[in-house]
Amino acid sequence: MTLETETVIDRRRMRRHITFWRAAAIVGLALAFAGIAFRSDKMASIAGIHEIARITIEGTITESRDQLKMLKKIADSDHVDGVLVFVNSPGGTTTGGEALYEALRNIAKKKPVVAQFGTLAASAGYIVGLGTDHIVARGNTITGSVGVIMQWPEVTGLLDKLGVKMNEIKSGSLKAAPNPFQPMDEAARKVTQSMIDEGFKWFISLVEERRNIRIADVPGLVSGRIFSGREALSMKLVDEIG
């Protein structure tokens with residue numbers, strides 16, 4: 001009888017232990033999931049960690065939602081004290097450069113932003129640099145190429161040789177102009193040139209405002225020429241060689 005009583009007591013004790021550890025396991029899993037869900041920047045802020053964010057802009061620049069989302073997150077992050085932007089790009093779309101410029105200026109309202117130019121920082125790549133507070137270039141960095149360009153092929157001669165004719169019906173004479181399937185007429189050229197000129201005016205206004213220079217004082221800049229890093233420094237297009 002005593003043996004059976006002790007067995008029952010042991011079983012009850014064991015069930016209590018199992019219940020305790022099950023509860024502990026559930027609490028532990030809940031805390032783990034909560035930790036994963038808790039934003040990493042908040043955790044870093046609580047831990048007192050402060051960082052310099054380094055982002056890379058390479059290749060052809062376009063308007064990337066993921067890239068802009070990342071920059072917004074950096075701007076709002078309490079534990080990021082500054083941003084280093086590495087640029088190695090031949091340029092890209094005017095809109096892509098504009099989007100990155102605005103995102104970087106938004107960050108600069110809250111923390112310092114520095115650009116580091118690599119081998120190439122031209123056209124829209126240079127616009128990215130204008131969005132920062134300080135530009136560091138290599139002595140041989142290819143930079144500049146301030147301007148706007150629009151290019152398209154014209155394949156009318158090839159189509160004639162192949163015996164192919166393109167037909168179209170459109171709502172207006174300037175719809176889909178310029179068109180690679182027909183020579184550009186004067187009206188289409190005039191409208192396209194006007195759009196390019198307007199974009200160029202915006203670009204040079206950024207250069208004058210952000211670099212505190214007069215475009216006319218920089219030989220070749222209006223023509224869209226490129227500069228080495230050392231030349232760019234002498235023209236005040238960058239701040240430092242390093």
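Just so it is clear, the structure is predicted and the values come from calculations on it, not from any experiment. (Residues numbered from 1 in each chain as written. Predicted model: local features only at pLDDT ≥ 70, side-chain atom pairs only at ≥ 80, totals over all residues. Heavy atoms only, no water.)

A. Examining the pattern of salt bridges more closely. For the coordinates displayed, the defined rule picks out seven salt bridges. When the shortest N-O distance is used, the salt bridge between glutamate 168 and lysine 170 registers 3.4 Å. When the shortest N-O distance is used, the salt bridge between glutamate 231 and arginine 225 registers 3.3 Å. Here arginine 225 falls in the partly exposed class, since its relative accessible area comes to 32%. Via salt bridges that share partners, Lys72, Asp76 and Lys110 belong to a single interconnected network. (Salt bridge = Lys/Arg side-chain N within 4 Å of Asp/Glu carboxyl O. Buried < 20%, exposed > 50% of the residue type's maximum accessible area, 1.4 Å probe, protein only.)

B. Spotlight on the nonpolar core. Of all hydrophobic cores here, the largest spans 42 residues; its most connected members are Val83, Val85, Phe117, Tyr126 and Val207. Elements supplying a minimum of two residues to this core: strand S1 (51–61), helix H3 (65–76), strand S2 (80–92), helix H4 (94–108), strand S3 (113–122), helix H5 (124–130), strand S4 (134–137) and helix H7 (186–211). The element best represented in this core is H4, accounting for six residues. (Core = buried A, V, L, I, M, F, W, Y, C linked by side-chain atoms within 4.5 Å. Helix = DSSP H or I, 4+ residues; strand = E, 2+ residues; numbered from the N terminus.)

C. A look at H3. With 12 residues, H3 extends 17 Å between its outermost C-alpha atoms, agreeing within 8% with the 16 Å of an ideal straight helix rising 1.5 Å per residue. Inspection of H3 places Leu71, Ile74 and Ala75 among the buried residues, and these make up the whole buried set. Down the axis of H3, the sector holding all buried residues measures 100 degrees, keeping them to one side. Away from its buried face by more than 90 degrees, H3 exposes Arg65, Asp66 and Lys69. Of the surrounding secondary structure, the elements contacted by the buried residues of H3 are S1, S2 and H4. (Expected span 1.5 Å × (residues − 1). Arc of directions from axis to C-beta. Contact = heavy atoms within 4.5 Å.)

D. Region of interest: unusual backbone geometry. The omega angle of the peptide bond from alanine 177 to proline 178 is 5 degrees, so this bond is cis rather than trans. With respect to the helices and strands, proline 178 occurs in the loop between helix H6 (156–162) and H7. Notably, serine 123 is not glycine yet its phi reads approximately 55 degrees, a positive angle. Looking at where serine 123 falls in the secondary structure, it is placed in the loop between S3 and H5. According to the relative accessible area criterion, serine 123 is buried, its value standing at 16%. One non-glycine residue, alanine 176, lies in positive phi territory at about 60 degrees.

E. Focus on the side chain of threonine 132. One can find threonine 132 in the loop between H5 and S4. Separated by 2.7 Å, the side chain of threonine 132 and the backbone oxygen of glycine 129 make a polar contact. Sequence-distant contacts of threonine 132, that is, excluding residues within four places in its chain, are made with Val85, Leu104, Arg105, Val113, Val114, Ala115 and Arg210. (Polar contact = N/O pair within 3.5 Å; in protein donor to acceptor, adjacent residues only side chain to side chain.)

F. Representation of the packing of H4 against H7 within the structure. Interaxial distance between H4 and H7 falls to 12 Å at its minimum, and their mutual angle equals 30 degrees. It follows that H4 is roughly parallel to H7 by the angle criterion. Along this stretch, H4 crosses H7, giving a crossing that reads as left-handed. Contacts between H4 and H7 involve Thr94, Glu98, Tyr101 and Arg105 from the former and Trp202, Leu206 and Arg210 from the latter. (Axes fitted to C-alpha atoms, helices over the stretch in contact; angles between N-to-C directions. Parallel < 35°, antiparallel > 145°, perpendicular 65-115°, else oblique. Left-handed = near helix turned anticlockwise from the far one by under 90°.)

G. Expanded view of the packing of H3 against H4. Remark: H3 packs on H4, axes separated minimally by 9 Å, with the N-to-C direction vectors making an angle of 10 degrees. Taken as axis vectors, H3 and H4 run roughly parallel relative to one another. Across the interface between the two elements, Gln67, Leu68, Leu71, Lys72, Ile74 and Ala75 from H3 touch Ala99, Leu100, Ala103, Leu104, Asn106 and Ile107 from H4. Class assignment of the residues belonging to the contact of H3 with H4 gives a composition of nine nonpolar, two polar and one charged. (Nonpolar A, V, L, I, M, F, W, Y, C, P; charged D, E, K, R; others polar.)

H. Representation of the side chain of serine 89. By the secondary structure assignment, serine 89 is in strand S2. Judged by relative accessible area, which is 0%, serine 89 ranks as buried. Other than its neighbours up to four places away in sequence, serine 89 contacts Ile57, Glu58, Gly59, Ile61, Leu120, Ala121, Ala122 and Gly125.

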